[in-house]
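The primary structure of each chain is shown beneath.
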Amino acid sequence: MSDCFQRVGVVGGGRMGAGIAEVCARAGVDTVVCEADATAARAARERVAASLDRAVRRGKLDPAAARDALARMAFTGSLDDLADRQLVVEAVIENADAKTEVFAALDKIVEDPAAAFATNTSSLPVMRLGMATSRADRVVGLHFFNPVPVLPLVEVVASLHTSPQAVNAVEDFATGTLGKTVIRSRDRSGFVVNALLIPYLLAAVRMAESGFATAADIDTGMELGCAHPMGPLRLADLIGLDTVVSIAESLYDEFREPLYAPPPLLQRMVQAGLLGRKTGRGFHVYGQG
């Protein structure tokens, strides 16, 4: 079935959506990226083009291959342009209502009844999103990691409704076409990686919040003491503090464990718009944007 995924759509052209679209196009797949409007669609194209340029400068991608990848991509502000897609990957904001709205709309727009829908959610129940459609058996979790063109892992998640055929087809696409490594998870909040990662990040936030150690020392401690490539607070900044809060809230809603509750400092930072790298300031200060 994965051989049928020659036409892929991606809903959302932010950092994650652009990365997913890029790896699809680099793998030779006809890819359409849908954003909220034409202006956002142009910004998504610029985001992908900049990523391809970086790969060329670093010697990771041939210039001709970069041009070919961009030529395989179309950018639009209308979901209607996804009508002929065989696989659509949703990568919008980590908000249940926003994602449900996308799936309900795709259900009416995508013409092929055998088409698969995937969500890049990092924490929300796949079943909830699938039940917004009339084809919950074709809805799969396909969780990539940031930056998508660099990190090799993808989590594949089946809900109670998802058919084995759909799961196998999406996994085959991720491994055979995109060259990713897949791990499978049950449909529970956080899946495998975030269920382990988020309590660790929140523990680092609580340590900084209490004044026990500075953000710089916490990160240096884990980088040099535990050989982590990035400290927990720098990693939270990279993920986006708003995303960390969303995942933590989803985990807490499902499990009611205190270790999943977002600390007050983290919530205040999000309210203040200090979201990490994407805003230039989080637990650390970065260059613009």
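Structure shown above.
Thresholds applied
- Residues numbered from 1 in each chain as written.
- Predicted model: local features only at pLDDT ≥ 70, side-chain atom pairs only at ≥ 80, totals over all residues.
- Heavy atoms only, no water.
- Pairing = 2+ DSSP bridges.
- Helix = DSSP H or I, 4+ residues; strand = E, 2+ residues; numbered from the N terminus.
- Axes fitted to C-alpha atoms, helices over the stretch in contact; angles between N-to-C directions.
- Contact = heavy atoms within 4.5 Å.
- Polar contact = N/O pair within 3.5 Å; in protein donor to acceptor, adjacent residues only side chain to side chain.
- Buried < 20%, exposed > 50% of the residue type's maximum accessible area, 1.4 Å probe, protein only.
- 1 Å grid on protein atoms, 1.4 Å probe; cavity = no way out; pocket = protein on both sides within 12 Å on 5 of 7 lines; lining within 4 Å.
- Points joined across faces, edges and corners; volume = space filled by probe spheres on them.
- Nonpolar A, V, L, I, M, F, W, Y, C, P; charged D, E, K, R; others polar.
- Phe/Tyr/Trp six-rings, centres within 6.5 Å; stacked < 30°, edge-to-face > 60°.
- Parallel < 35°, antiparallel > 145°, perpendicular 65-115°, else oblique.
- Salt bridge = Lys/Arg side-chain N within 4 Å of Asp/Glu carboxyl O.

Trainee: With reference to specific residues and values, describe the sheet that holds strand β5 (residues 116-119).
Mentor: Strand pairing in a sheet takes place through backbone hydrogen bonds and is either antiparallel or parallel in direction. Taken in spatial order, the eight strands of this open sheet run β3-β2-β1-β4-β5-β6-β7-β8, and their pairing is mixed. Both edges of this open sheet fall to β3 (73-76) and β8 (181-186), since each of them pairs with a single strand only. Neighbour-to-neighbour, the strand axes of this sheet turn through a mean angle of 25°, independent of strand direction. In the sheet, strand β6 (residues 139-144) pairs with strand β7 (residues 153-158) via five bridges, with the strands oriented antiparallel. From the neighbouring strand, F144 faces β7, where its bridge partner is V154. Across the sheet, helix α4 (residues 96-109) touches β1 (7-11), β4 (87-90), β5 and β6, and the angle it forms with β5 is around 170°.

Trainee: Please set out the side chain of S159 residue by residue, giving values where relevant.
Mentor: Mapped onto the secondary structure, S159 falls in the loop between β7 and α6 (164-177). A distance of 3.0 Å separates a polar atom in the side chain of S159 from the backbone nitrogen of H161.

Trainee: Describe the environment of T220, listing the residues and the values that go with them.
Mentor: Among the secondary structure elements, T220 is positioned in helix α8 (residues 215-225). For the pair formed by T220 and P232, sequence separation is twelve residues and the distance between their alpha carbons is 9.5 Å.

Trainee: Explain the environment of L151 to me, and be specific about the residues and the numbers.
Mentor: Along the chain, L151 turns up in the loop between β6 and β7. By relative accessible area, which is 32% here, L151 ends up partly exposed. Sequence spacing of L151 and K180 is 29 residues, and the spatial spacing of their C-alpha atoms is 8.4 Å. Setting aside chain neighbours within four positions, we find L151 in contact with F145, N146 and K180.

Trainee: Tell me about the pairing of β6, and please be specific about residues and values.
Mentor: Two faces belong to every sheet, and in a regular strand the side chains alternate between them. Across the six residues that make up β6, a large majority, six, are buried. Every second residue of β6 is oriented toward a common face, with V139, G141 and H143 on one face and V140, L142 and F144 on the other, all of them buried.

Trainee: For the layout of surface pockets, give the residues involved together with the corresponding values.
Mentor: As a volume, the largest pocket reaches approximately 1,200 Å³. Taken together, the elements giving at least two residues each to the lining of the largest pocket come down to α1 (15-26), β6, α7 (193-210), α9 (232-239) and α10 (241-255). Within the lining of the largest pocket, the residues separate by chemical class into 18 nonpolar, 14 polar and six charged. If you add up the space inside the second largest pocket, you get close to 670 Å³. For the second largest pocket, the lining is made up of 24 residues, of which R15, S51, R54, N146 and P147 are closest to its centre. Put simply, the parts of the chain that give the lining of the second largest pocket at least two residues each are α1 and α2 (38-57). Looking at the lining of the second largest pocket, its residues break down into nine nonpolar, seven polar and eight charged.

Trainee: Kindly report on the environment of R128, identifying the contributing residues and their values.
Mentor: Mapped onto the elements, R128 comes out in helix α5 (residues 126-130). A relative accessible area of 45% means that R128 is categorised as partly exposed. Considered as a pair, R128 and A49 are 79 residues apart in the sequence and their alpha carbons are 34 Å apart. With near-sequence residues (within four places) excluded, R128 lies in contact with A96, D97 and T100.

Trainee: An account of the packing of aromatic side chains is requested, with residue identities and associated values reported.
Mentor: The final tally for this structure, using the stated rule, is three aromatic pairs. Ring geometry for F255 and Y260: centres 5.7 Å apart, planes at 40°, overall tilted. Taking the relative accessible area as the measure of exposure, Y260 reaches 10% and is therefore buried.

Trainee: Give a detailed account of the packing of α9 against α10, specifying residues and quantitative values.
Mentor: Look at α9 against α10: their axes get within 5 Å of each other, and the N-to-C directions meet at 95°. Relative to α10, α9 is oriented roughly perpendicular. Together, A236, D237 and I239 of α9 and L241, T243 and V244 of α10 make up the contact between the two elements.

Trainee: Can you tell me about the pattern of salt bridges, naming the residues and giving the values?
Mentor: This model, assessed by the stated rule, comprises ten salt bridges. Ionic pairing is found between R7 and D84, a salt bridge with its closest N-O pair at 3.7 Å. Of this pair, R7 sits in strand β1 while D84 sits in the loop between β3 and β4, placing them 77 residues apart in sequence. A salt bridge links R135 to D107; the nearest nitrogen and oxygen atoms lie 2.9 Å apart.

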